[in-house]
Structure formats: C-alpha cells, structure tokens
Amino acid sequence: MFFMLRKAFVRHYLIKSMKSFKPNEKIKDNAYIGSIEKYNEIYDYSIKNPEGFWAEQAERISWFKKWGKVWNWDFNKAEISWFEGAKLNACYNCVDRHVENGFGNETALIWEGNNSSENRKLTYDDLLREVQLAANSLKDLGVAKGDRVCIYMQMIPELTIALLACARIGAVHSVVFGAFSPDSLESRINDSECKVLVTQDAGVRGTKTDIPMKKNADETLKNTPSIEKVLVVRRTGSPTEMIRGRDVWWHEAMESADSLCEPEIMDAEDPLFILYTSGSTGKPKGVMHTTGGYMVYTSTTHHYIFDYKPGEIYWCTADIGWITGHSYIVYGPMANRAVTMMFEGVPNYPDYGRFWEIIEKHKVNIFYTAPTALRALMKEGDNWPKKYNLESLRLLGTVGEPIKEPEWMWYHSVIGNERCPIVDTWWQTETGGIMITPLPGVTETEPGSATRPFFGILPQLVDDEGNVLEGNNVEGNLVMERPWPSIMRTVYGDHQRFFDTYFSRFPGKYFSGDGCKRDEKGYYWITGRVDDVIIVSGHNLGTAEIEGSIGRHPDVAEAAVVGYPHEIKGNSIYAFVTLRTGRKITEKTKSEIAKIVRADIGPHATPEKIQFTEGLPKTRSGKIMRRILRNIASDNVDNLGDISTLADPSVVESLVSERI
Ligand code: 7RM
C-alpha cells in the first residue's frame, strides 16, 4: 500500500510541478501580445468569430484572388476546407514578395555545415534566383502541377530550395527523412507514386562524412516504377554512379535551366505536400496538407509564438524531414521574411558545445529545439554552454514530447540565464502548426505544461466513452471541437483511413491520440500517446511497423513492442518476442532481430531490450494488452492493473519474473 501511494505521489509530482515563472517585463513591453488580458480578448474573439478572426490573419499572406467562404467543414465526413476558391502560391509568399517589397538583399537563410568552417548565406534575391532555376529544372524533367516529387536529402540549402521549387510549380513534395532506410523510402515513394526523386550524392553528419544517400536511393529505385528521373545534388563529391537517361546532376540541370519561372497560381485547397507519419497499423500514413490554410496558420503562429521581429536570427534545430522543419524552418518563418537558420550537423560533434558555439557565432535570438536534445546536452554538464556567450538569446522553445522539469529548469537557467521565456509548443504532423503553447510576455509558464490554446483552437478533454470533461482538474483524451486552417485534409489515397483514425473514436471531433490533463488553472499538461505510437528522440514510431519488421526473422512467431522511459531518448523500445516452437533462443537471434529492424526502418527504431517469452498477454479477442507490457517494461510491476480480461492470465507471471 505504502508502495503504491509513493508511486502515485512520484507520478503526480513528475507531471505537476509547483514552480511557475512570470513573464519577464522587458519581453512583455516589446511583445506583440504582451498581456494576459490582451490574449484573453483576442482568444475570445477568435472563438466567437472564427471566420472573422482567420480572415483578418489571412491578410499576412499575399493572395492572387480572395476566397468566398472562410471555412467549410463536417467532421462527421472528415471534410474540411479553408479559403476555398482563393488563389495563392506558397513560394511566392516565402520569396518573391519580399524581393518585390525591397528586401531582396536581406538574409533569408543561414546555413551552418557539419563542420563550422562550412557556412553559406542566401539572401532573398539569391533564393529567388535559385528557386526559379530549380523549378525550371524540375519542369525540364517532366514535373507538372499536381505531380508528386520525393525529396530524400540531408540538411543542405538545396533541400529548402527543392521544397520551394516544388511549391512554385504546384508539384506536391514528399520529404523522406534522410536517415530512413531504402525500404522506408520505397514504400513512401510507391504510396504516392512520385515521379521524380531529389537526393544528394552523399551526406555528412557528425563523424560520418560519406552517408551513401544516392546509393541507398539506387537500392530503392529498383522497386519504384513511378520514378522517371532522379535529380542529384553534389554535396561531398564522392564517386557516384549516375544512370544514363534517368539521373541528372542538380548543378548541370540548373546551368541549362531557364532563369525565369512564374509561380503557378494555386487554389487554397490544392495540396502543398505529403509527409508520412507512423500509425497504429504497419503502413505509414501520408498526411496531406493544402496551401492556403497551411500558409496562414504557420505564418500566424510563427509571428505570435516566436514573437518574431524583423532582423532577428531564428534557429529551429529540427530536420526538414519532420513537420517541425516544414512549418518552422521553411514555410512559417519565410512567409514572415525571417532570417532562418539550417544546421547540417548534430549536437555532439565535434563536441557537446556545438549548439552553443553556433548560437554565439551567429548571434541567434530565437532557439527552438526538442527535449531529447536538451536531455543529451544537459547530461554533459554546464561547462559546455558556459564556454560560450549566449547573451543574444531572447526566446527559447521546445517541441516533440513532454518536457520534464529537470531539462526545463536547465534550459531556463543555464541556457536562458533566467531571462528567456520558454514556449513549450504542443502540436502534431497532422495539425500542421502549433496548437497549445505559452505566448512570450503573456503566459506565466510552468515546467512541463504547454499551458493554453493558441487563438482559434478549441481543445476538449473527453473520457473513454466520449463524455466531455468540463471544468478544471480533469484528465482524459485530447480532442479538438473545430478545425483550424492547417489541419491535414486527408491521408493520401485513403480518405477512409483519415476518417477512421481521427474522427471515428469520438464522433464529430478530431482525436489527437494524446492523453492530457487540465489543471486547476486551466493549463494543459500532455501526458503522452494513448494509442500505439512510441516517441523515441522525438521520432514517431508505430509499434505495428516495428513488430512487423521483427516478425520477418524466420524464428519469430510473434512480437509486441512498447516504449519505456529512457533518460536521453525520452522513450526506448522494448520488444517482447515469442519464437516458433523448437527454435532456440540465442544472442545471435537478438542481434539478427535488431539488424532487421535497423535495415527496415532505421537505427532509431532498433529495440534496446528484447525479452523472449512463451506467450503474450492477450484478450480473448486476441488483442495484445500493451498496457501490461508497458508496465513490465517500465518496471512498474507492483501495479499492473486489471488482468482479469486476459485469455490466459498466467503468462503475466513469467513475463514479470523474466523481465530485463
Ligand atoms: C510537432 C511534432 C506529435 C506528438 C504529439 C505528442 C508529442 C509534441 C509536444 C508533445 C508534449 C509537447 N509532431 N508532442 N509536442 N508532447 N508536449 N510540447 O512533434 O507528429 O512528430 O508528433 O508528439 O504526443 O501527439 S509529431
């Protein structure tokens, strides 16, 4: 009993902090919003008159033609549109208009290479020139409006240029994270039938100076019939096999391309991009975003949440392979004419001071990173950040998973010198932009809480039966009552799956898949996923995908995968594996399983622990009860919860005693 009480207390303590931090006066005086009263006033207006509010915010975007109706939606059919009939171009908004307004010689992009000796700066003029050449290069390869282009690259300027070039000609980009394996690349290309692949000869990251991107792609391209051409950026100059008639060097294509390319006139609801994210079945979902609402929402949120002022240096450390890079390195900041930074390397190369060195070198003002990076850096002690001058920092942000008090406090005191507000931003690939967040100079923050909804966002907590939990001090499933401009529009090629995943669990509402608590102040505290997705170092991994991969080992009968807390990665993967009868358990089996997962999905999906077991805890209908496995993996075995619905409760005993 004492044990259970203590555990409950510890859990409560971890989730609910006692600390709170008032907005700093200097920030408050200069902030766009600057007081809680003003936030409340605008928030109330945005909820009472959403169409009026979003029509006003939409003015920050340049439209070739305005919309008829601001929104149309029916969550019961998973149908949503914003600014329908309006015309715009995302690339024009991120580049051309800044040049037309006389800001062409201002910096658009600062690129910091893996080694600090490698730097590039592109002005908006430079970007306009490069983007037009790249857009014409794509056209020369046969890409037309509506075609899908897969982009498989590392963090180099050409990646941003490739995105904007697609947007310019109305092609739909599908960025595949550069560390994904050839198999993952293959299924993503085939799912959306991409016509062209843009990649690079080799990648450079940390101590790795020759990541064989093109070679990986070639492996994939044996099984991707839709790909007609491959555009290859030269990054390292490594020997690269080019296939005649299919592969084209980026620099050669750019040389022969026409320098003028008019931006395509797109409808607000024309697709802008597809980005794959793991789901609870093995097949990744192609999250599809459209143009108008996405541009309005990402630019509005970037403006208010990062309180971005002209000339400030803004650095989001995410990879453009994830939604955070799409929305808050490229589209949001560039629509706002920000100076956006892009970093090719990793936080621990050449040493653990790399982030702080870059902040000092480029005088970064706004820094947006992930809790997993903070934990890894915090572990190495305060001397690394203390070696550098971090006085340029004005605002800090986090995203990707719940941030716990120790790393929040470290961020606040050691990095922010107790002077910088921290915006803990909750959102998803599916939401396109930040949904729940503090505002600088406005919100009193508490470590671990994303605090309050952004303008126009109406979150709700519901219990498992869908009953709305009113008032404060409640905990349940996080849903949204209404759409916002950047909500995804469909799962590419599978609208039924879009409906089933997000709108069927709680009819008439968007279900985030996250659990959440609303405290006595009305602040939101995300407690983590309630479905079968594990977040490892900020990467979303579907349990089913990993289980499917483990199952490919010839000795494996069945596998169930869960996450358990990990000091650095946030969560680590624990695999429970049943072997086929008569197969021997050996260390070799373990390493082979790990190898298969690494090859199928990527290194971040490799199980840290593998436990062989005679059986898995299943309900009578055959559904594995992952809740029990999660408790075992987290060593939380005193309180496994109700096991009476199991088909065979006796399996639990051996699972517990043989845990690793
Ligand atoms: C932007 C992004 C989405 C999932 C989401 C949450 C978790 C993200 C926070 C967070 C607590 C946060 N897109 N998550 N941000 N949890 N506090 N500030 O990460 O599609 O890759 O992941 O990430 O579980 O549902 S994502």
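The preceding data block contains the structure.
As the structure is a computational prediction, the values presented were derived from the model and not from experiment.

About the criteria used
Residues numbered from 1 in each chain as written. Predicted model: local features only at pLDDT ≥ 70, side-chain atom pairs only at ≥ 80, totals over all residues. Heavy atoms only, no water. Helix = DSSP H or I, 4+ residues; strand = E, 2+ residues; numbered from the N terminus. Rg over C-alpha atoms; globule rule 2.2 N^0.38 Å. Contact = heavy atoms within 4.5 Å. Areas by Shrake-Rupley, 256 points an atom, 1.4 Å probe, with all protein chains shown as cover. Lys, Arg positive; Asp, Glu negative; His and termini not counted. Charge placed at Lys NZ, Arg CZ, Asp CG, Glu CD. Expected span 1.5 Å × (residues − 1). Buried < 20%, exposed > 50% of the residue type's maximum accessible area, 1.4 Å probe, protein only. Pairing = 2+ DSSP bridges. Axes fitted to C-alpha atoms, helices over the stretch in contact; angles between N-to-C directions. Near = heavy atom within 4 Å. Polar contact = N/O pair within 3.5 Å; in protein donor to acceptor, adjacent residues only side chain to side chain. Right-handed = clockwise from strand over helix to strand, strands pointing away. Salt bridge = Lys/Arg side-chain N within 4 Å of Asp/Glu carboxyl O. Core = buried A, V, L, I, M, F, W, Y, C linked by side-chain atoms within 4.5 Å. Parallel < 35°, antiparallel > 145°, perpendicular 65-115°, else oblique. Left-handed = near helix turned anticlockwise from the far one by under 90°. Nonpolar A, V, L, I, M, F, W, Y, C, P; charged D, E, K, R; others polar.

### Considering the overall build of the protein chain
Next up, step 1: Broken down by element type, the protein chain carries 21 helices and 30 strands.
Next up, step 2: Whereas a compact globule of 660 residues would reach a radius of gyration of roughly 26 Å, the protein chain reaches 24 Å, a difference of no more than 12%.
Next up, step 3: Referenced to the eigenvectors of the C-alpha coordinate spread, the extents of the protein chain come out at roughly 70 × 65 × 55 Å.
Next up, step 4: In the protein chain, the proportion of contacts linking residues at least 24 apart, taken out of those at least 6 apart, comes to 72%.
Next up, step 5: Total accessible area computed for the protein chain in this model is approximately 25500 Å², and 50% of it derives from carbon and sulfur atoms.
Next up, step 6: Here the protein chain contributes 77 positively and 88 negatively charged side chains, and the mean placements of these two sets differ by 2 Å.

### Digging into helix H7 (residues 157-169)
Next up, step 1: If you check H7, its first and last C-alpha atoms are 19 Å apart, about what 13 residues at 1.5 Å a residue would give, namely 18 Å.
Next up, step 2: Most of H7 sits inside the fold, with 13 of its 13 residues counted as buried.
Next up, step 3: Gly170 occupies a position one or two residues after H7 and carries a positive phi of about 80°.

### Points about the sheet that holds strand E5 (residues 119-123)
Next up, step 1: If you walk across this open sheet you meet the seven strands as E5-E4-E17-E16-E18-E19-E20, and the pairing is mixed. Looking at the sheet topology across the chains shown, the edges are occupied by E5 and strand E20 (422-424). The mean angle between the axes of side-by-side strands here comes to 20°, regardless of whether they run parallel or antiparallel.
Next up, step 2: When strand E16 (residues 313-316) meets strand E18 (residues 366-369), the two strands line up parallel, connected through three bridges. In the strand pairing of E18, Cys316 is matched with Tyr368.
Next up, step 3: Strand contacts of helix H16 (residues 405-415): E18, strand E19 (395-398) and E20, with the helix running at about 160° to E19, the strand carrying the most contacts.

### Remarks on the site of the ligand
Next up, step 1: As a structural note, the neighbourhood of the ligand is formed by 17 residues, with Asp424, Thr425, Thr429, Asp514 and Arg529 the closest of them.
Next up, step 2: Within the backbone of Glu401, an N or O atom sits 3.4 Å from a nitrogen atom of the ligand.
Next up, step 3: Relative to its free-state accessible area of 530 Å², the ligand is covered by the protein chains to the extent of 96%.
Next up, step 4: Elements that contribute at least two residues to the shell around the ligand include exactly helix H12 (323-335) and strand E25 (524-529).

### Topic: the environment of Ile305
Next up, step 1: Tracing the chain through its elements places Ile305 in helix H11 (residues 292-305).
Next up, step 2: C-alpha separation for the pair Ile305 and Pro284, spaced 21 residues apart in sequence, amounts to 30 Å.
Next up, step 3: Discounting residues that sit within four places of it in the chain, Ile305 has contacts with Leu395, Val423, Thr425, Ile434, Thr437, Pro438, Leu439, Pro440 and Phe454.

### A look at unusual backbone geometry
Next up, step 1: Along the chain, Tyr349 connects to Pro350 via a cis peptide bond; the corresponding omega equals 0°.
Next up, step 2: You can see Pro350 is positioned in the loop between strand E17 (339-343) and helix H13 (354-362).
Next up, step 3: The phi angle at Ala78 is positive, at roughly 55°, despite the residue not being glycine.
Next up, step 4: Residue placement: Ala78 occurs in the loop between strand E1 (71-74) and strand E2 (79-82).
Next up, step 5: The class of Ala78 is buried, set by a relative accessible area of 0%.
Next up, step 6: Backbone geometry places Arg337, a non-glycine residue, at a positive phi of 60°.

### Observations concerning the sheet that holds strand E6 (residues 148-151)
Next up, step 1: Spatial strand order, E12-E11-E8-E6-E7-E14-E15-E23: eight strands in an open sheet with mixed pairing. Taken across any chain shown, the strands that pair with only one partner, and hence form the sheet edges, are strand E12 (247-249) and strand E23 (490-491).
Next up, step 2: As paired strands, strand E14 (residues 271-277) and strand E15 (residues 285-290) are joined by six bridges and run antiparallel to one another. If you follow Thr277 over to E15, its bridge partner there is Lys285.
Next up, step 3: Docked against the sheet, H7 engages E6, strand E7 (172-175), strand E11 (229-233) and E14, running at close to 175° with respect to E6.

### Some words on the pairing of strand E30 (residues 609-612)
Next up, step 1: Pairing of strand E29 (residues 570-579) with E30, which is carried by four bridges, proceeds in the parallel orientation. Bridge assignment links Tyr574 to a residue of E30, and that residue is Lys609.
Next up, step 2: Running through helix H19 (residues 587-600), the crossover from E29 to the neighbouring parallel element E30 is right-handed.

### As for the environment of Ser504
Next up, step 1: Topologically, Ser504 is positioned in the loop between helix H17 (495-502) and strand E24 (510-518).
Next up, step 2: The class for Ser504 is partly exposed, based on a relative accessible area of 32%.
Next up, step 3: Residues Ser504 and Asn348 lie 156 residues apart in sequence; the distance between their C-alpha atoms is 43 Å.

### Focus on the pattern of salt bridges
If charged atoms from side chains of opposite charge come close, those side chains can pair.
Next up, step 1: In total, this model carries 41 salt bridges according to the counting rule given.
Next up, step 2: Here Asp267 makes a salt bridge to Lys87, at a shortest N to O gap of 3.2 Å. Of this pair, Asp267 sits in strand E13 (residues 266-267) while Lys87 sits in strand E3 (residues 87-88), placing them 180 residues apart in sequence.
Next up, step 3: In this structure, Lys222 engages Glu219 in a salt bridge whose closest nitrogen and oxygen atoms are separated by 3.6 Å.
Next up, step 4: Counted as one network, the salt bridges with shared partners bring together Lys22, Glu444, Glu446 and Lys521.

### A closer look at the nonpolar core
Next up, step 1: Membership of the largest hydrophobic core comes to 152 residues, with the highest contact counts inside it found for Phe83 and Tyr331.
Next up, step 2: Considering each element in turn, this core owes the most residues, nine residues, to H7.
Next up, step 3: Setting aside residues no more than four positions away along its own chain, Phe83 makes contact with Trp54, Ala58, Trp63, Trp67, Lys69, Val70, Ala268, Gly292, Gly293, Val296 and Pro485.
Next up, step 4: Trp249, Ile550, Ile601 and Ile610 belong to the second largest nonpolar core, which has 36 residues in total.

### Description of the packing of H7 against H12
The axes of two packed helices give the description: the angle between them and the distance between them.
Next up, step 1: With their axes 11 Å apart at the nearest point, H7 and H12 run at an angle of 60° to one another. The orientation of H7 with respect to H12, classified from their angle, is oblique. Pair H7 / H12 crosses with right-handed handedness. For the pair H7 and H12, the contacting residues are Thr160, Leu163, Leu164 and Ala167 in the first and His326, Val330, Tyr331 and Met334 in the second.
Next up, step 2: Residue composition of the contact of H7 with H12, grouped by class: six nonpolar, two polar and no charged.

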